[in-house]
Amino acid sequence: MAPSPKRARITAVELAAMKRDRRKIVMITAYDSLFASLVDQAGVDVILVGDSVGPVLAGETSPLPVTVNQMIYHGRSVQRGTTHALVVIDMPFMSYQVSPREATRNAGQILKRTGAGAVKLEGGRYFAPAVRAMVAAGIPVMGHLGLTPQSLNVLGGIRLQGREEQAAERLIADAQALEEAGAFAVVLEFITSGLAQRVTDAVTMPTIGIGAGPHCDGQVLVLHDMLGLNEQFHAKFVKRYAELGAAVRQAVGSFAEDVRAVAFPDAAHTHMG
Ligand code: KIV
């Protein structure tokens, strides 16, 4: 695909207009400048520097070990590689849970040192005071409800969330509390499509789904999952748009064969003399 022509960078505020105009929001993760530049050229609206960087790139078994400094490093790389998409950076585990003051300080550092446009945090009404403090300080905040990977030890594993009516109502109230505190959008992860529709109808901020069906105002996937690079991860909601893992193995295998057969470098790749 040819790169899209350059446009001004999208802001958090513009996403609300996209919901109003019924234009679907496209969000994808990236952790480095090169991939960020490619997905930006492909025309996505939002790039999420997810704390999934721990499991996906660093081989961690969960996002819990990821630090603020790691998020700043990856966030800065992504921001540098992009001109159009809104860059949103995940606040890692224990960078916002202790107090609104600490949350604001950490989020401020993240935006100051990366140049990104917003941060994302997981959790509902309990974190409304933190969201309110951050927004008052000028920091746009995206929420994240449903399956929240930083709380997997409490949730008891990867399970569809909000199945019982009481839990569904709690999740809707959480979304409303985040909106009331000033969040500009919310990710809904691994909930039924019916509940995602109810949340989407209950708030004016956009909902962005992952494993939440088609009724959300936008969709997000983890780049390495949809490109077939993270081959160990299988979930019904991940559609693979490429098989880059297989392509990498094939290309590097061919290089190894050529080196061992002294077929590389050949004359075309050698400065003779
Ligand atoms: O960390 C991440 O990549 C995320 C997405 C799954 C939404 O939070």
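Everything below is about the structure printed above this text.
Let me sum up the structure you'll find in this document. The structure presented is a predicted model; accordingly, all values stated were derived computationally and were not measured.

Some points on the overall build of the protein
Next up, step 1: Each helix and strand counted, the protein has 11 helices and 8 strands in total.
Next up, step 2: Here the protein has a C-alpha radius of gyration of 20 Å; the compact-globule value for 273 residues is 19 Å, and the two agree.
Next up, step 3: Viewed in the frame of its principal axes, the protein has a C-alpha envelope of about 70 × 40 × 35 Å.
Next up, step 4: Each of the 273 residues in the protein was classed as buried or not, and the buried ones make up 47%.
Next up, step 5: Within the protein, contacts between residues at least 6 apart in sequence are counted, and of these 59% link residues at least 24 apart.
Next up, step 6: Roughly 13800 Å² of accessible area belongs to the protein as shown, and the carbon and sulfur atoms make up 57% of that amount.

Some remarks on the site of the ligand
Next up, step 1: Around the ligand, the neighbouring residues are Thr 29, Leu 48, Gly 50, Asp 51, Ser 52, Asp 90, Lys 120, His 144, Glu 189, Ile 210 and Val 222.
Next up, step 2: At a separation of 2.5 Å, an oxygen atom of the ligand approaches a polar side-chain atom of Ser 52.
Next up, step 3: Out of a free accessible area of 260 Å², the ligand has 94% covered by protein chains.
Next up, step 4: Because more than half of its atoms lie within 2 Å of the grid, the ligand is assigned to the largest pocket.
Next up, step 5: Split into classes, the residues belonging to the shell around the ligand amount to 3 nonpolar, 4 polar and 4 charged.

Focus: the pairing of strand β7 (residues 207-210)
Successive side chains on a regular strand alternate, one facing one side of the sheet and the next facing the other.
Next up, step 1: Burial along β7 is two-sided: Thr 207 and Gly 209 and Ile 208 and Ile 210, pointing in opposite directions, are all buried.
Next up, step 2: Inspection of the sheet shows strand β6 (residues 185-189) paired to β7 by 4 bridges, in the parallel sense. When the sheet's bridge partners are listed, Val 186 is paired in β7 with Thr 207.
Next up, step 3: The parallel pair β6 and β7, bridged by helix α9 (residues 193-202), forms a crossover whose chirality is right-handed.
Next up, step 4: Where β7 and strand β8 (residues 218-221) come together, 2 bridges link them in parallel fashion. If you follow Ile 208 over to β8, its bridge partner there is Gly 218.

Quick notes on the pairing of β8
Next up, step 1: Pairing analysis gives 4 bridges linking strand β1 (residues 25-29) to β8, with the strands arranged parallel. Note that in β8 the partner of Val 26 across the bridge is Gln 219.

What about the nonpolar core?
Next up, step 1: With 56 residues, the main nonpolar core has Ile 47, Val 119, Met 134 and Leu 188 as its most contacted residues.
Next up, step 2: In terms of residue count, the dominant contributor to this core is helix α8 (residues 165-181) (6 residues).
Next up, step 3: Excluding its chain neighbours within four sequence positions, the residues that come into contact with Ile 47 are Ile 28, Thr 29, Ala 30, Ala 36, Val 39, Asp 40, Val 78, Thr 82, Ala 85, Leu 86, Val 87 and Val 88.
Next up, step 4: Counting 18 residues, the second-largest nonpolar core is a separate cluster that includes Ala 12, Leu 48, Val 187 and Val 220.

What counts as what
- Residues numbered from 1 in each chain as written.
- Predicted model: local features only at pLDDT ≥ 70, side-chain atom pairs only at ≥ 80, totals over all residues.
- Heavy atoms only, no water.
- Helix = DSSP H or I, 4+ residues; strand = E, 2+ residues; numbered from the N terminus.
- Rg over C-alpha atoms; globule rule 2.2 N^0.38 Å.
- Buried < 20%, exposed > 50% of the residue type's maximum accessible area, 1.4 Å probe, protein only.
- Contact = heavy atoms within 4.5 Å.
- Areas by Shrake-Rupley, 256 points an atom, 1.4 Å probe, with all protein chains shown as cover.
- Near = heavy atom within 4 Å.
- Polar contact = N/O pair within 3.5 Å; in protein donor to acceptor, adjacent residues only side chain to side chain.
- 1 Å grid on protein atoms, 1.4 Å probe; cavity = no way out; pocket = protein on both sides within 12 Å on 5 of 7 lines; lining within 4 Å.
- Sits in = over half its atoms within 2 Å of the grid points.
- Nonpolar A, V, L, I, M, F, W, Y, C, P; charged D, E, K, R; others polar.
- Pairing = 2+ DSSP bridges.
- Right-handed = clockwise from strand over helix to strand, strands pointing away.
- Core = buried A, V, L, I, M, F, W, Y, C linked by side-chain atoms within 4.5 Å.

Remember that the coordinates give geometry; whether it matters functionally is a separate question.
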